[in-house]
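Geometric and topological summary
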Amino acid sequence: MNGTIRVGNLFGIPFYIHPSWFLVLGLVTWSYSSGLGAQFPQLSAGLALLLGLMTALMLFASVVAHELGHSFVALGQGIDVKSITLFIFGGLASLEKESKTPGEAFWVAIAGPMVSLLLCGIVTAIGVTTSASGPLAAILGVLASVNLALALFNLIPGLPLDGGNILKALVWKITGNPYKGVTFASRVGQIFGWVAILSGVVPLLLFGNAGNFWNLLIGFFLLQNAGNSAQFARVQEKLTGLTAEDAVTYDSPIVSANSTLREFADERVISGQNWHRFLVTDDDGQLVGAITIDNLRTIPIALWSETQVKEVMRPITESTTVQSDQPLLEVMQLLEQQKLSVLPVIRENGVLIGILEKAAIIQLLQNRTQPNPA
């Protein structure tokens with residue numbers, strides 16, 4: 001997953017760490033150990049470093065708890081959580097699909113900040129009720145303030161932050177269109193991205209102060225991801241109402257199992273078609289195998305007229321097919337998830353009607369994007 005390292009499962013959810021996380025872990029550990037050492041000179045360097053590492057790990061555990069909040073609510077809605085990943089900007093819970101209603105989307109989005117606020121309250125209560133002092137009180141104070149900051153930062157109303165997903169759900173509820181919600185929240189996310197970038201660039205240019213460099217990174221992160229969300233929403237909206245059958249390739253590479261190799265060669269190969277692999281169907285139109293140009297070479301040309309395709313074809317090894325009435329958006333996601341370029345499309349009775357290529361979906365999107373002539 002883009003260079004991430006899988007470290008195990010959390011409640012059955014695959015858990016990944018991006019290599020950049022280790023850099024951040026080291027920086028946070030050094031920062032907090034230095035702070036504890038300066039605040040409490042009686043601490044040895046080794047103990048301060050250990051306490052700094054423990055603080056850093058607890059902070060990242062708070063980020064994981066935040067993502068688990070999203071994940072558990074999604075699981076409760078029947079949405080599979082593909083993974084949780086820690087990276088330089090925090091964490092990300094990757095969900096299989098969107099919620100079905102704006103109300104459900106709202107609760108998935110707000111669950112993470114609610115967990116962070118709850119952790120802030122619990123840690124604060126522990127510090128008050130135990131009258132903690134010294135390094136322990138300092139660590140509890142850091143944990144409480146970071147969880148509060150994590151909740152408030154994520155509530156900024158722009159994608160890809162949780163606040164953006166909350167805004168998306170509200171616009172979806174008002175307009176009845178989930179894609180308008182994504183587009184609006186993406187635009188707000190881009191605005192916040194530019195604000196973050198300017199807050200880092202202006203002090204640098206005017207005063208030579210690079211203290212807000214982190215704002216630059218956050219700004220570019222918001223701009224890129226908000227833009228990607230808006231672009232994907234436009235694609236989703238264009239595919240709405242279309243099914244797999246709408247993108248079936250005209251004159252798909254299909255041959256009858258009872259055809260002879262000579263008929264196959266004359267009608268499909270010599271005629272100039274560029275396909276290298278053809279799907280084979282029986283008398284009922286059911287998919288039974290596949291034949292390639294290379295399979296022809298295993299039979300002498302003199303025997304092509306008396307050899308049927310079914311004698312040369314190979315069984316279909318892949319089991320993935322899509323129904324003709326399946327939403328095209330789901331088909332596109334299936335192609336991406338399984339890294340496929342072609343899928344057979346069948347009717348409800350199992351009859352093969354053709355193949356669907358990723359390139360055909362792209363062409364269909366381009367055709368729907370082009371303005372109609374006046």
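Refer to the preceding data block for the structure.
In short, a report on the structure. (Residues numbered from 1 in each chain as written. Predicted model: local features only at pLDDT ≥ 70, side-chain atom pairs only at ≥ 80, totals over all residues. Heavy atoms only, no water.)

Attention now moves to the packing of aromatic side chains. Evaluated as defined, the whole model comprises six aromatic pairs. Ring centres of W21 and F60 lie 5.0 Å apart, and the angle between their planes is 65°; on these two criteria the pair is classed as edge-to-face. Of this pair, W21 sits in helix α1 (residues 19-39) while F60 sits in helix α2 (residues 45-76), and the two are 39 residues apart along the sequence. We classify W21 as buried; its relative accessible area is 7%. (Phe/Tyr/Trp six-rings, centres within 6.5 Å; stacked < 30°, edge-to-face > 60°. Helix = DSSP H or I, 4+ residues; strand = E, 2+ residues; numbered from the N terminus. Buried < 20%, exposed > 50% of the residue type's maximum accessible area, 1.4 Å probe, protein only.)

Note that strand β6 (residues 277-281) and strand β7 (residues 287-292) share five bridges and pair antiparallel. Along β7, the bridge assignment pairs V280 with G289. Counting the residues in the hairpin turn of β6 and β7 gives five residues, including G285, whose phi is positive at 85°. (Pairing = 2+ DSSP bridges.)

The next thing to look at is the sheet that holds strand β8 (residues 322-323). Across the sheet, which stays open at both edges, the three strands sit in the order β8-β9-β10 with mixed pairing between neighbours. The two strands at the open ends of the sheet, each matched to only one other strand, are β8 and β10 (352-357). When strand β9 (residues 342-346) meets β10, the two strands line up antiparallel, connected through five bridges. The residue of β10 that forms the bridge with V342 is E357.

Here the focus is the sheet that holds strand β1 (residues 5-10). With mixed pairing, four strands are arranged side by side in an open sheet as β1-β2-β3-β4. The sheet is open, and its two edges are formed by β1 and β4 (90-95), each paired on a single side. Across the sheet, the mean angle separating the axes of adjacent strands is 25° when strand polarity is ignored. The pairing of strand β3 (residues 81-87) with β4 spans six bridges and is antiparallel. By the bridge assignment for β4, F87 is matched with G90. (Axes fitted to C-alpha atoms, helices over the stretch in contact; angles between N-to-C directions.)

Here we take up the nonpolar core. Counting 33 residues, the largest nonpolar core has F15, W21, L36, F60, I84 and L86 as the members making the most contacts within it. Taken together, the elements giving at least two residues each to this core come down to β2 (13-17), α1, α2, β3, α3 (102-129) and α4 (134-154). No other element matches α2, which puts eight residues into this core. Ranked by size, the runner-up nonpolar core spans 19 residues in total, among them L242, V331, V345 and L364. (Core = buried A, V, L, I, M, F, W, Y, C linked by side-chain atoms within 4.5 Å.)

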